[in-house]
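Structural overview
Residue-level listing of the chains:
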Amino acid sequence: MQSRGISQPMGRLTKISALVNIRKARVNEVKGQILNALRVCRGYLSGQTLSEQLGTSRVSIWKHMRSLKKDGYVIEASPRGYRLVSSPDLLLPYEFPDLEQRIHYFSQIGSTMDAARELAKKGAREGTLVIAEVQTRGRGRLSREWLSSQGGIYFTIILRPKMSPVYAPRVNLMAAIAVAATIRKAFGLKAELKWPNDVLIAGRKVCGILAEMDAEMDAVNFVNVGIGVNANNSVARFEKMATSLKDALGRKIRRKEFLCLLITEIERRQPLLMKADLLKEWKRLSATLNKEVRVMSLGEEVIGQAIDIDVTGALILKGKNGSLRSVFVGDCIHLRE
Ligand code: BTN
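Residues numbered from 1 in each chain as written. Predicted model: local features only at pLDDT ≥ 70, side-chain atom pairs only at ≥ 80, totals over all residues. Heavy atoms only, no water.

Scanning the protein from terminus to terminus reveals 8 helices and 14 strands. Along the longest, intermediate and shortest principal axes, the C-alpha atoms of the protein span 80 × 55 × 35 Å. Here the protein, with 337 residues, has 49% of them falling under the buried criterion. For the protein, long-range pairs separated by at least 24 residues make up 62% of all intrachain contacts whose partners lie at least 6 apart in sequence. Within the structure as shown, the protein displays about 17,800 Å² of accessible surface, and the carbon and sulfur contribution to it stands at 53%. Where the 54 positive side-chain charges of the protein centre and where its 33 negative ones centre are 4 Å apart. (Helix = DSSP H or I, 4+ residues; strand = E, 2+ residues; numbered from the N terminus. Buried < 20%, exposed > 50% of the residue type's maximum accessible area, 1.4 Å probe, protein only. Contact = heavy atoms within 4.5 Å. Areas by Shrake-Rupley, 256 points an atom, 1.4 Å probe, with all protein chains shown as cover. Lys, Arg positive; Asp, Glu negative; His and termini not counted. Charge placed at Lys NZ, Arg CZ, Asp CG, Glu CD.)

Have a look at this one:
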């Protein structure tokens, strides 16, 4: 059993891994500072100036440059100094100066949900992010697979909302609202929500959300929210009901900027989790309400008009005979207006 509130002396391995993490964080910080300096200057910056600006040796600057080149940055080195020619389209931690301390980055992973669960169980703080370029075993809702090829945005954020587990589905609603709001703000596209937490553009799914919770009867320990956005990846031809931002816009997007904005939109809404405004915003963005829908819920098919959601995020359906029915989980299909 885990002891609570009693501080344990740090084991040798824990100490080593804490030191490795500190070192990694420092390396990322310097890489971020170098990139920032090169971007601000737009031209050549000498190793001497960089080492003075960052308070580190020229050898260390050289080593960081080598590491940045390995990561895919094209940096020209000449007698005039260093010049940043191009940056790779990767979600590397040091591209997010305000967030990098809490980012766990993987170029490839099974699922960000598994890594986030491990971290959350070890006590990772709220807002910790696990980001991957590619997932080899990406998971969708209802035990489905989530195809996660290069170009999409795949991440899990660890949240620790102070609420009863009954209200945990509101976290999904909040995440879906944040994604739709980000798409609307960044591109002016009319992103809408399909209950419980799909984000659609012109009726096609552009983002899916999977939440995993660890809770006791009366309190949530953590909710890990996994978000998969079809960004610069094209969706498979057989996925007729899916789209990507690239396909909707006819051009690639800047994934870093999109992810930064999305995290801001999520964090801005966290204090609203238990407020009526959250439900209002979901209803405003909803493509499900007022539609005739079919929901497959726990092996049962329920058909009716979607008339509302309740405080727990359940969908309220009105049957042909006027009877009301709440559905808490399931797969929702829009039939007609
Ligand atoms: C769905 O609509 O079925 C939910 C899809 C959720 C996909 C995301 S991608 C990041 C995170 N890691 C996973 O394995 N799944 C979620």
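Here the focus is the pairing of strand β10 (residues 292-297). Bridge analysis of β10 against strand β11 (residues 300-309) gives 6 bridges, and the strand direction is antiparallel. When the sheet's bridge partners are listed, Met296 is paired in β11 with Glu301. Adjacent in sequence and paired antiparallel, β10 and β11 are bridged by 2 residues, among which Leu298 carries a positive phi angle near 50°. Here β10 pairs with strand β14 (residues 331-336) via 5 bridges, running antiparallel. The residue bridging Met296 from the neighbouring strand is Asp331, located in β14. (Pairing = 2+ DSSP bridges.)

The antiparallel open sheet is built from 5 strands, whose spatial order is β13-β12-β11-β10-β14. If you trace the sheet from one side to the other, it starts and ends with β13 (324-327) and β14, each paired once. The sheet shows a mean angle of 45° between the axes of neighbouring strands, taken without regard to direction. (Axes fitted to C-alpha atoms, helices over the stretch in contact; angles between N-to-C directions.)

A few words now on the site of the ligand. Around the ligand, the structure places 20 residues, and the nearest of them are Ser111, Gln135, Arg139, Arg141 and Lys205. Contact between the ligand and Ser111: an oxygen atom at 2.7 Å from a side-chain N or O atom of the residue. Protein chains shield 98% of the accessible area of the ligand, which is 410 Å² for the free molecule. Taken together, the elements giving at least two residues each to the shell around the ligand come down to α4 (112-121), β5 (153-159), β8 (204-215) and β9 (220-229). When residues of the shell around the ligand are assigned to their parent elements, the largest contribution, 4 residues, is made by β8. Class assignment for the residues of the shell around the ligand results in 7 nonpolar, 9 polar and 4 charged. (Near = heavy atom within 4 Å. Polar contact = N/O pair within 3.5 Å; in protein donor to acceptor, adjacent residues only side chain to side chain. Nonpolar A, V, L, I, M, F, W, Y, C, P; charged D, E, K, R; others polar.)

All right, on to the pairing of strand β12 (residues 315-318) then. Strand direction decides the pairing type here: β11 and β12, joined by 4 bridges, are antiparallel. Paired with Ile309 across the strands is Leu315, a residue of β12. Hairpin connection of β11 to β12: 5 residues between the antiparallel strands, including Gly313 at a positive phi of 90°. Where β12 lies against β13, 4 bridges are found, and the strand directions are antiparallel. In the sheet register, Leu315 faces β13, and the bridge partner there is Val327.

Our focus in this paragraph is the packing of aromatic side chains. This structure, assessed with the given rule, holds 2 aromatic pairs. Residues Tyr73 and Tyr94 carry aromatic rings whose centres are separated by 6.2 Å and whose planes lie at 40° to one another, so their mutual orientation is tilted. Placement of Tyr73 in the loop between α3 (58-71) and β1 (74-78) and of Tyr94 in the loop between β2 (81-86) and β3 (103-109) is noted, with a sequence separation of 21 residues between them. The pair formed by Tyr73 and Tyr94 is uniform in burial state, with each residue classed as buried. (Phe/Tyr/Trp six-rings, centres within 6.5 Å; stacked < 30°, edge-to-face > 60°.)

Glancing now at the packing of helix α2 (residues 47-54) against α3. The N-to-C vectors of α2 and α3 enclose an angle of 105°; their axes lie 9 Å apart at closest approach. By the angle between their axes, α2 is roughly perpendicular relative to α3. Taking contact as the criterion, the partners of Gly47, Gln48, Leu50, Ser51 and Leu54 in α2 are, on α3, Arg58, Ile61 and Met65. Among the residues making up the contact of α2 with α3, the classes are represented as 4 nonpolar, 3 polar and 1 charged. (Parallel < 35°, antiparallel > 145°, perpendicular 65-115°, else oblique.)

A separate point is unusual backbone geometry. For the bond from Trp195 to Pro196, the omega torsion is 0°, close enough to zero to count as cis. Positionally, Pro196 belongs in the loop between β6 (191-194) and β7 (198-201). At Ala202, a position not held by glycine, the phi torsion is positive, near 50°. Within the secondary structure, Ala202 sits in the loop between β7 and β8. Look at Ala202 and you get exposed, because its relative accessible area is 74%. The residue Asn290 is not glycine, and still its phi comes out positive at about 70°. By the element assignment, Asn290 lies in the loop between α8 (276-285) and β10.

In short, geometric facts, not functional conclusions.
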